[in-house]
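Okay, here's what each chain looks like letter by letter:
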Amino acid sequence: MSNESARPFDSIESAHEFVALLEESIEGAVLEVKDHIQTARTEQDQRRAEALTLAIYKMSQLSSYMHKSRRILNDLRTIRRLLFHERAKDPASSPDGV
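All values derive from a computational prediction rather than experimental measurement.

Okay, the overall build of the chain next. Of the regular secondary structure elements, the chain holds 3 helices and 0 strands. Seen in sequence order, the chain has helices and strands lined up from the N terminus as α-α-α. Of all 98 residues assigned to the chain, the portion counted as buried reaches 19%. Working note: accessible area of the chain is about 7,900 Å², and carbon and sulfur atoms make up 56% of it.

Put into structure tokens, the structure is as follows:
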């Protein structure tokens, strides 16, 4: 387990898992900030409410990027599996076509 924590991105799977966890954390943070916006509006602190709204916008952008990154990592994982599967089917073939 110490090896995994020392090198958390050694595999596509571990990077995929990290990005998914980060996406979940962002969603939780958005919910918290929405609560803060309600408090700011209740206290009629318009400037704070606008700043928090901007923070939600930026976190939504980040969440979108994380979602796209997770899809890209999933695609890379699929491509890797296809490549290894093809190589396993035909181990006699060589890169020069002999």
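Attention now moves to the nonpolar core. Core analysis: the biggest nonpolar cluster contains 14 residues, and Val33, Ile56 and Met59 have the highest contact counts within it. Where this core is concerned, the elements lending two or more residues are α2 (12-42) and α3 (46-89). A total of 8 residues in this core trace back to one element, the largest contributor, which is α2.

Another point: a nonpolar patch on the surface. On the surface, Ile72, Leu76, Ile79 and Leu83 cluster together into a nonpolar patch covering about 350 Å² of accessible area. If you trace the backbone, Ile72 turns up in helix α3.

A separate point is the pattern of salt bridges. Close approach of charged atoms allows side chains of opposite charge to pair. Applying the stated criterion across every chain yields a total of 2 salt bridges. We note a salt bridge from Glu13 to Arg80, for which the minimum N-O separation is 2.5 Å. Here Glu13 is found in helix α2, whereas its partner Arg80 is found in helix α3, with 67 residues between them in sequence.

Conventions adopted
- Residues numbered from 1 in each chain as written.
- Predicted model: local features only at pLDDT ≥ 70, side-chain atom pairs only at ≥ 80, totals over all residues.
- Heavy atoms only, no water.
- Helix = DSSP H or I, 4+ residues; strand = E, 2+ residues; numbered from the N terminus.
- Buried < 20%, exposed > 50% of the residue type's maximum accessible area, 1.4 Å probe, protein only.
- Areas by Shrake-Rupley, 256 points an atom, 1.4 Å probe, with all protein chains shown as cover.
- Core = buried A, V, L, I, M, F, W, Y, C linked by side-chain atoms within 4.5 Å.
- Patch = residues over 30% accessible without salt bridge, like charges linked within 9 Å, V, L, I, M, F, W, Y side chains within 5 Å.
- Salt bridge = Lys/Arg side-chain N within 4 Å of Asp/Glu carboxyl O.

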